[in-house]
Amino acid sequence: MSASDLKIGWIGAGRMGAQLVTRLLDAGYDVTVYNRTASKAAALAENGAKVVTQPVDLADRHLVFAMVSSSKDLEEVMLGENGLLTGPDSPRIIADASTVSAEASLKIREAANARGCDFLATPVSGNPKVIAAGKLTVAVSGPREVFESIEPVLNVFGRSVTYVGEGEVARLVKIAHNLMLGVVTQCLAEITVLVEKGGVSRADFLAFLNDSVMGSTFTQYKSPAFVNLDFTPTFTMSLLQKDFDLGLEAAYALKSPMPIASATRQIVAQAVGAGVGVDEDFATLLLEVARGAGVELQPENVAVDDGLDPVHS
């Protein structure tokens, strides 16, 4: 089905959702949006999207994406009052890009399938700036033939789309990804504070690290926050704790020990319990490490390349 024929619905127009809807609109797709806070969808309407006031109004769409914050939110927009799957009609395919538990995903999959609607788990890795740079990645699980039928749509989102298997396994892939996100950030915070306490600037240390074999897209991307203490949120500490909890639940169920992830989860939970990073980026882990080391960090006010220059078509 061509872009001109496919009718897409979208649930959840937050920072991530709004950018992905914009990419779909720019690619020529017909997109209708529902967002709990209607004002957040206003800019999308100006760009050509239609807006509805309840999820069930998207049931006539061929394909509906969901991107919400939690398992509870997903169940609400799908099965709650005026949910997508509560009316007489259903979309052909639901693709859920939220980070939720496998159990919640299975519940929605079964409800969709009972109505003749296919369901794909399509969690993504990235944030608004990653989307702008064309580097978003997608993991997909569910019926392979359904995935292949919408793969061109998913390719609009960013750099790559990986089919990882049947059922809910994409959920595990995304949770594993976010466990690494937290563990690497905690490690990066610890070694950065160590060298600062030894007399080396954060900017110089991270420049060295990022140019070495240990550097990565992620360490470079987080360097401006670490150097200049700009914690504008891309992903909050409370969301990181939620994903650690989901990951450790999966580890318990699969009898797969995760001592490093478990220790990091406790550090994150302690920060969240103390009210740290509630509305800030999880890179505030740096401040927690510095506090424990008796170091009072100051912004270094150095221009640092995050490696995520926007892609211009």
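What comes next concerns the included structure. (Residues numbered from 1 in each chain as written. Predicted model: local features only at pLDDT ≥ 70, side-chain atom pairs only at ≥ 80, totals over all residues. Heavy atoms only, no water.)

Before going further, it helps to spend a moment on unusual backbone geometry. Negative phi characterises most residues that are not glycine, and trans characterises most peptide bonds. For asparagine 82, which is not glycine, the phi torsion reads 60° and is therefore positive. Assignment of secondary structure puts asparagine 82 in the loop between α3 (71-79) and β5 (93-96). Phi is positive for leucine 229, which is not a glycine, with a value near 55°. Note that leucine 229 resides in the loop between α9 (217-228) and α10 (237-254). (Helix = DSSP H or I, 4+ residues; strand = E, 2+ residues; numbered from the N terminus.)

On to the pattern of salt bridges, then. Opposite charge on two side chains permits them to pair, given that their charged atoms come into close proximity. Enumeration over the complete set of coordinates arrives at 16 salt bridges. A salt bridge links lysine 50 to aspartate 30; the nearest nitrogen and oxygen atoms lie 3.0 Å apart. Residue lysine 50 is located in strand β3 (residues 50-51), and its partner aspartate 30 is located in strand β2 (residues 30-34); the two are separated by 20 residues in the primary sequence. Classification of lysine 50 as partly exposed rests on a relative accessible area of 43%. Among the salt bridges present, the one from aspartate 281 reaches lysine 222, with a minimum N-O distance of 2.6 Å. Residue aspartate 281 is located in the loop between α11 (259-273) and α12 (285-292), and its partner lysine 222 is located in helix α9; the two are separated by 59 residues in the primary sequence. Given the relative accessible area of 3%, lysine 222 is considered buried. (Salt bridge = Lys/Arg side-chain N within 4 Å of Asp/Glu carboxyl O. Buried < 20%, exposed > 50% of the residue type's maximum accessible area, 1.4 Å probe, protein only.)

Secondary-structure assignment places asparagine 301 in the segment after α12. Note: C-alpha distance between asparagine 301 and asparagine 228 (73 residues apart in sequence) is 5.5 Å.

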